[in-house]
Amino acid sequence: MQQQVYHSPVYHSQSIQAWEQRWFQQQNSSYGLMQQVAWSVTQRLSVLFKEKNIQKIAVCCGQGNNAGDGYLIAKYLKQAGFDVDIYAAEKGQSVDLAKAWQEALDAGLKVGPHFQFKHEYDAYIDALFGIGLNRELDANWQSIIQLINDQKGLKIAVDIPSGLHANTGQPLPIAVKADFTYTVLGLKAGLFTGQAKEYAAKVELISAIPVDAELQPVAKLSSQQIKLPKREAFGHKGSYGHVLVVGGHAEMGGAVIMAAEAAFAAGAGKVTIVCDAKHHTAILSRAPNIMLRDINALNIEQRTALIQQVDAVCFGMGLGRDQWAKEQYQAWFDLIRNSDLDIVLDADALWFLAKQPQQLNSKTYTTPHPGEAATLLDCKTLDIETDRIQAIHALRQKYGGQWVLKGSGSLILEQQLYICTAGNAGMGTGGMGDVLAGMIASLKAQFAQSIHLHEIVTLHALAGDELAKNGERGLQAQDMKHAIYQVVNREGG
């Protein structure tokens, strides 16, 4: 799990750079800041390296000020008694970089040519590129980063893993796979979403200058410390919300079952599934506490009456995309959209929404994965993944409502943008989205506006982490109900 203070602000790289320039305009020394950052990183590395019995260290420097941090870190580590070698590209042109380079030489360090490592090292410090990198790396730099990744030692990134886009979390097209990232001044969005977990691993913040009034975050990290209210002794099933799950095409019955079971596991008092009657026997044999209605047998009056009996609806899982599904979408969508219920739109409901765009109210929660988001925005999945933050804002601008853009580092756009840092790769399996939809409907039915969407997404991710304690490979969404039960009951929940 990445290490940070939860609800910490997360920034765009340009905001960080502008903040830094404002600091220098107040007559603060840019070289002094470089020294301070390098010293702070060194103090943390000294502790880490002693814990892991690391002695031989290679510091890899590029041509910008990030390389200056590297030269000074190398100097300070040598002074602390470590065996340090520097490998670098041709020396850059900045005054601060030249000073740092000279300080390293004066400390007795030698700069090895062109990243030809003399021997294996216990650790490799990446100070190649900073947060300003926004272009695809050329073949030479790609080969250097691949060489670093191929080494067996511990990898440490200074500020950001070189080659990783600071705002999107996408490699350009390769990045250093760090074990620890010591990021400077402020947290960057690209350390927490997209492919960030593969490259940044454990993130620690090096605070060096005070935040000023002009610095505005692009997002916040969602807290993993979520406490649900303790249940009152006199509560009953009517006290904890009634969730309606609508979907279940004749050929797709599993999705509604997983959504309904997740709703119960998250604490809903009652759950009703409306689906093709073909699935009723299977549902009752698996979960006899679920109430059932035949989706093909309901007229408008019966649908309206059912809507009036529930507190939240999740709609679209296993609905299908054929003519029958289109008719069901049209029969249900306006009915639930015009209600005052909390509504979760997922799966095939999102596909139909893309075909018939309509504005959603603030109590509608939409949960696309990148492919579904691409359909909603009429673009390619690659376009979504290239800039996930821009994509989720575009979804809200086009459709309104509240949004979850699923994936590693899920984004949640409510009143503001949150990034979920929990979860694991084992959750990339069929049915996990249906489970999330059921959880959202359940917790909104119970707590309405007193629980935030980002908190529910985080609980879902924490349940996935609970399920993955013995390994990520082979996780099954139908087993999530047991983990959900555990996380919603933690700390008096």
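Here the structure is a predicted model, which is why all the values come from computation and not from measurement. (Residues numbered from 1 in each chain as written. Predicted model: local features only at pLDDT ≥ 70, side-chain atom pairs only at ≥ 80, totals over all residues. Heavy atoms only, no water.)

**Some words on the sheet that holds strand β6 (residues 154–158)**
Overall, parallel pairing links the 7 strands, which are arranged β4-β3-β2-β5-β6-β7-β9 in an open sheet. Strand pairing shows two members of the sheet lacking a second neighbour, β4 (111–113) and β9 (202–206), which therefore form its edges. In this sheet, neighbouring strand axes are inclined to one another by 25° on average, regardless of whether the strands run parallel or antiparallel. Pairing of strand β2 (residues 56–61) with strand β5 (residues 123–127), which is carried by 5 bridges, proceeds in the parallel orientation. (Pairing = 2+ DSSP bridges. Helix = DSSP H or I, 4+ residues; strand = E, 2+ residues; numbered from the N terminus. Axes fitted to C-alpha atoms, helices over the stretch in contact; angles between N-to-C directions.)

**Describing the domain arrangement of the chain**
In many analyses, interface size is given as the accessible surface area lost on bringing the parts together. By domain assignment, the chain separates into domain 1 (8–217) and domain 2 (242–489). Relative placement of domain 1 and domain 2: their C-alpha centres are 41 Å apart. Sorting the residues of domain 1 by area buried against domain 2 places Phe 192, Thr 193 and Lys 197 first, and these three jointly supply 55% of that buried surface. Here domain 1 and domain 2 share 0 salt bridges between them. Taken together, the residues that form the side of domain 1 that touches domain 2 break down as 3 nonpolar, 5 polar and 1 charged. (Domains from an automatic or database assignment. Buried area = accessible area lost by both parts, 1.4 Å probe. Salt bridge = Lys/Arg side-chain N within 4 Å of Asp/Glu carboxyl O. Nonpolar A, V, L, I, M, F, W, Y, C, P; charged D, E, K, R; others polar.)

**As for empty space enclosed by the protein**
Counting across every chain of the model gives 1 cavity of 30 Å³ or more. One number sums up the size of the largest cavity: a volume of about 30 Å³. Met 258, Glu 261, Ala 262, Val 435, Ala 477, Gln 478, Met 480, Lys 481 and Ile 484 together form the lining of the largest cavity. For the lining of the largest cavity, the elements supplying multiple residues, two or more each, are α7 (254–265) and α17 (480–487). (1 Å grid on protein atoms, 1.4 Å probe; cavity = no way out; pocket = protein on both sides within 12 Å on 5 of 7 lines; lining within 4 Å. Points joined across faces, edges and corners; volume = space filled by probe spheres on them.)

**Focus on the side chain of Gln 446**
With respect to the element layout, Gln 446 can be found in helix α15 (residues 432–447). Within the structure, Gln 446 has its side chain in polar contact with the side chain of Arg 231 (distance 3.4 Å). Leaving out residues up to four positions away in the same chain, Gln 446 has contacts with Arg 231, Tyr 240, Ala 266, Gly 267 and Ala 268. (Polar contact = N/O pair within 3.5 Å; in protein donor to acceptor, adjacent residues only side chain to side chain. Contact = heavy atoms within 4.5 Å.)

**Some points on the pattern of salt bridges**
One pass over the structure, following the stated rule, counts 16 salt bridges. Taking the shortest distance from any N to any O, the salt bridge between Asp 340 and Lys 363 comes out at 3.7 Å. Of the two residues, Asp 340 sits in the loop between α10 (323–337) and β15 (342–345) while Lys 363 sits in strand β16 (residues 360–366), which places them 23 residues apart along the sequence. Relative accessible area serves as the criterion here: at 63%, Asp 340 is assigned to the exposed category. Measuring nitrogen to oxygen at the nearest pair gives 3.2 Å for the salt bridge that ties Lys 469 to Glu 466. (Buried < 20%, exposed > 50% of the residue type's maximum accessible area, 1.4 Å probe, protein only.)

**Things to note about helix α14 (residues 388–399)**
With 12 residues, α14 extends 16 Å between its outermost C-alpha atoms, agreeing within 8% with the 16 Å of an ideal straight helix rising 1.5 Å per residue. Among the residues making up α14, those that are buried are Arg 388, Ile 389, Ala 391, Ile 392, Ala 394, Leu 395 and Tyr 399. Two residues or fewer past α14, Gly 400 is found with a positive phi of approximately 75°. (Expected span 1.5 Å × (residues − 1).)

**Things to note about the packing of aromatic side chains**
The geometry of an aromatic ring pair is captured by two quantities: the separation of the ring centres and the angle between the planes. Summed over the entire model, instances satisfying the criterion amount to 15 aromatic pairs. Between Tyr 87 and Tyr 121, the aromatic rings sit 6.0 Å apart at their centres with planes inclined by 75°, giving edge-to-face as the arrangement. In this pair, Tyr 87 sits in strand β3 (residues 83–88) while Tyr 121 sits in the loop between β4 and β5, placing the two residues 34 residues apart along the sequence. With respect to class, Tyr 87 is no different from Tyr 121; both count as buried. Connected via pairs of aromatic rings, a cluster forms that spans Phe 315, Tyr 329, Phe 333, Trp 351 and Phe 352. Across the ring face of Tyr 31, the terminal group of Lys 99 is positioned such that the distance to the ring centre comes to 5.1 Å. (Phe/Tyr/Trp six-rings, centres within 6.5 Å; stacked < 30°, edge-to-face > 60°. Lys NZ or Arg CZ within 6 Å of the ring centre and 35° of its normal.)

**Thoughts on the sheet that holds strand β12 (residues 270–275)**
Taken in spatial order, the 12 strands line up as β8-β1-β10-β19-β18-β17-β16-β15-β14-β11-β12-β13 in an open sheet, and their pairing is mixed. Each edge of the sheet is formed by a strand with only one pairing partner; in this case those strands are β8 (187–188) and β13 (291–294). Pairing geometry for strand β11 (residues 242–246) and β12, over 5 bridges, is parallel. Along β12, the bridge assignment pairs Leu 244 with Thr 272. Sitting on the sheet, α15 is in contact with β11, β14 (312–315), β15, β16 and β17 (400–405), with an inclination near 170° to β14.

**Focus on the state of the cysteines**
Within the structure shown, the criterion is met by 0 disulfides. Unpaired in terms of disulfides, Cys 61 finds its nearest cysteine sulfur in Cys 60, a separation of 7.4 Å. A relative accessible area of 0% means that Cys 61 is categorised as buried. Counting only cysteine sulfurs, Cys 314 is the nearest neighbor of Cys 420, a cysteine outside any disulfide, at a range of 19 Å. By relative accessible area, which is 3% here, Cys 420 ends up buried. (Disulfide = S-S within 2.5 Å.)

**A look at the layout of surface pockets**
Reported here for the largest pocket is a volume of approximately 1000 Å³. As for the largest pocket, its lining consists of 42 residues, and the residues nearest its centre are Gly 407, Ser 408, Asn 424, Met 427 and Gly 428. Residue assignment for the lining of the largest pocket shows that the elements contributing at least two residues are α6 (196–200), α12 (370–377), α15 and α16 (453–467). When grouped by side-chain class, the residues that make up the lining of the largest pocket number 12 nonpolar, 17 polar and 13 charged. Counting the residues that make up the lining of the largest pocket, at least three belong to each of domain 1 (8–217) and domain 2 (242–489). Put simply, the second largest pocket is a space of about 490 Å³. Looking at the second largest pocket, it is lined by 22 residues, and the ones nearest its centre are Glu 20, Asn 65, Asn 66, Asp 69 and Asp 159. Looking at the lining of the second largest pocket, the element that brings in the most residues is helix α1 (residues 13–25), giving 5 residues. Here the residues of the lining of the second largest pocket are counted per class, giving 10 nonpolar, 7 polar and 5 charged.

**Description of the packing of helix α2 (residues 30–51) against helix α3 (residues 65–79)**
Contact geometry for α2 and α3: axes closest at 8 Å, N-to-C directions at 50°. The angle between the axes of α2 and α3 places the two elements in the oblique class. Helix-helix and strand crossings are classified by hand; for α2 and α3 the assignment is right-handed. Here Tyr 31, Met 34, Gln 35, Val 37, Ala 38, Trp 39, Val 41, Thr 42, Leu 45, Ser 46 and Phe 49 of α2 lie close against α3, whose contacting residues are Asn 65, Gly 68, Asp 69, Leu 72, Ile 73, Tyr 76 and Leu 77. When the residues that make up the contact of α2 with α3 are grouped by side-chain class, the tally is 12 nonpolar, 5 polar and 1 charged. (Parallel < 35°, antiparallel > 145°, perpendicular 65-115°, else oblique. Left-handed = near helix turned anticlockwise from the far one by under 90°.)

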